[in-house]
Amino acid sequence: MRLKILFRSSDPLHLPLNYQEILQGFIYSTLSDKNFASFLHDKGFLYGERKFKLFTFSRLTGDYILDRKKKQIVFTDQVTLQVSSVVPEFIQDLGQSLLTLPVHRLLHQKITIQEISYSRPRISENQCLVRMLSPMTIYSTYQKDDGQKITQYFEPVDMVFSYLIEQNLRKKYYSFYRVELDEPFEIKPVKVTRKDKVVTRFKDFIINAWGGTYEMTGSPRLLDFAYQVGLGGRNSQGFGMTELVSGGEDEKGV
């Protein structure tokens, strides 16, 4: 289920270039069900020791100016944010909270909600084309003999890229449904260039991620689930949200 949020600031909205953490905090703080918000933030849906939040969000879109000297992005007009989750209660709570109190603050700046809309995109085919609304990241973490941890990020051209995306997706699926789904899934780049590489920061971590357009093939159940929760890692930090280019349908006003 998806929520599209249109909002506006009375003055130009100033945000740091790496604003994902700010948006994540805004989403959590907006939820009216504080017990559920705490559950998502502190625990989430478990696969062994792994914790999944099973929601993701897009980058902000709208007219903007880059202030490289101050390392800021300045939105000058209406701004759009999209949020997606397999948990309908999460999306419904977020939308209702935004409508109940239409004036909020984002990094201490007042914003006014202009419009929200719900949709439930559905993928019922074995193949679809998706475009990234927020960049996708996938990685492995290793521990050296001296105890130091090293994170290796993978690119769409790497042989293990699709495999790691698939394994991550299966773990998320089990964390929610408690079912090991032995059905096929594959993702491959269709239109991805070096310009689609994004190097960003979340808290103290430098993250390599990728935008672009990708083809997903396999079980419609897995494709649909992937579309709802996001591809790759760090979804709840603003990574891995997609939009359909072809191969599915979008049911508005759910």
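Here, the structure is the one placed above.
Residues numbered from 1 in each chain as written. Predicted model: local features only at pLDDT ≥ 70, side-chain atom pairs only at ≥ 80, totals over all residues. Heavy atoms only, no water.

**Concerning the nonpolar core**
The condition is simple: What makes a nonpolar core is a set of buried Ala, Val, Leu, Ile, Met, Phe, Trp, Tyr and Cys residues whose side-chain atoms join them at distances within 4.5 Å. Burial status follows relative accessibility: with a 1.4 Å probe on protein chains alone, a residue under 20% of its type maximum counts as buried, one over 50% as exposed, and anything between as partly exposed. Only heavy atoms enter the contact rule, under which two residues are in contact if any of them lie within 4.5 Å.
Counting 62 residues, the largest nonpolar core has Phe-7, Phe-90 and Phe-185 as its most contacted members. Setting aside residues up to four positions removed in sequence, Phe-90 forms contacts with Ile-27, Leu-31, Phe-36, Leu-40, Phe-55, Val-83 and Ser-85.

**Some remarks on the sheet that holds strand β7 (residues 72–75)**
What counts, and what does not: In this analysis, strands are considered paired if DSSP registers two or more bridges between them. The numbering of helices and of strands both runs from the N terminus, where a helix is a DSSP run of H or I of at least 4 residues and a strand a run of E of at least 2. As a rule, the C-alpha atoms of each element are fitted with a line to give its axis, helices using only the stretch in contact, and angles between N-to-C directions run from 0 to 180 degrees.
If you trace the three strands from one edge of the open sheet to the other, you get β2-β7-β6, paired in antiparallel fashion. For this open sheet the edge positions go to β2 (13–16) and β6 (64–67), each flanked by a neighbour on one side alone. The sheet shows a mean angle of 25 degrees between the axes of neighbouring strands, taken without regard to direction. The sheet contact formed by β6 and β7 spans four bridges and is antiparallel. Bridge pairing in β7 links Leu-66 to Ile-73.

**Structural notes on helix α5 (residues 220–229)**
Counting buried positions along α5 gives eight out of ten residues, so the element sits mostly inside the fold. Leu-222, Leu-223, Asp-224, Phe-225, Ala-226, Tyr-227, Gln-228 and Val-229 are the residues of α5 that are buried. Phi turns positive one or two residues past the end of α5, at Gly-230, with a value near 105 degrees.

**Section: unusual backbone geometry**
For His-108, which is not glycine, the phi dihedral falls at a positive 70 degrees. Relative to the elements of secondary structure, His-108 occurs in the loop between β9 (103–106) and β10 (109–122). For Arg-178, which is not glycine, the phi dihedral falls at a positive 60 degrees. Inspection of the secondary structure assignment puts Arg-178 in the loop between α4 (161–177) and β14 (185–191). Classification of Arg-178 by relative accessible area gives partly exposed; the value is 46%.

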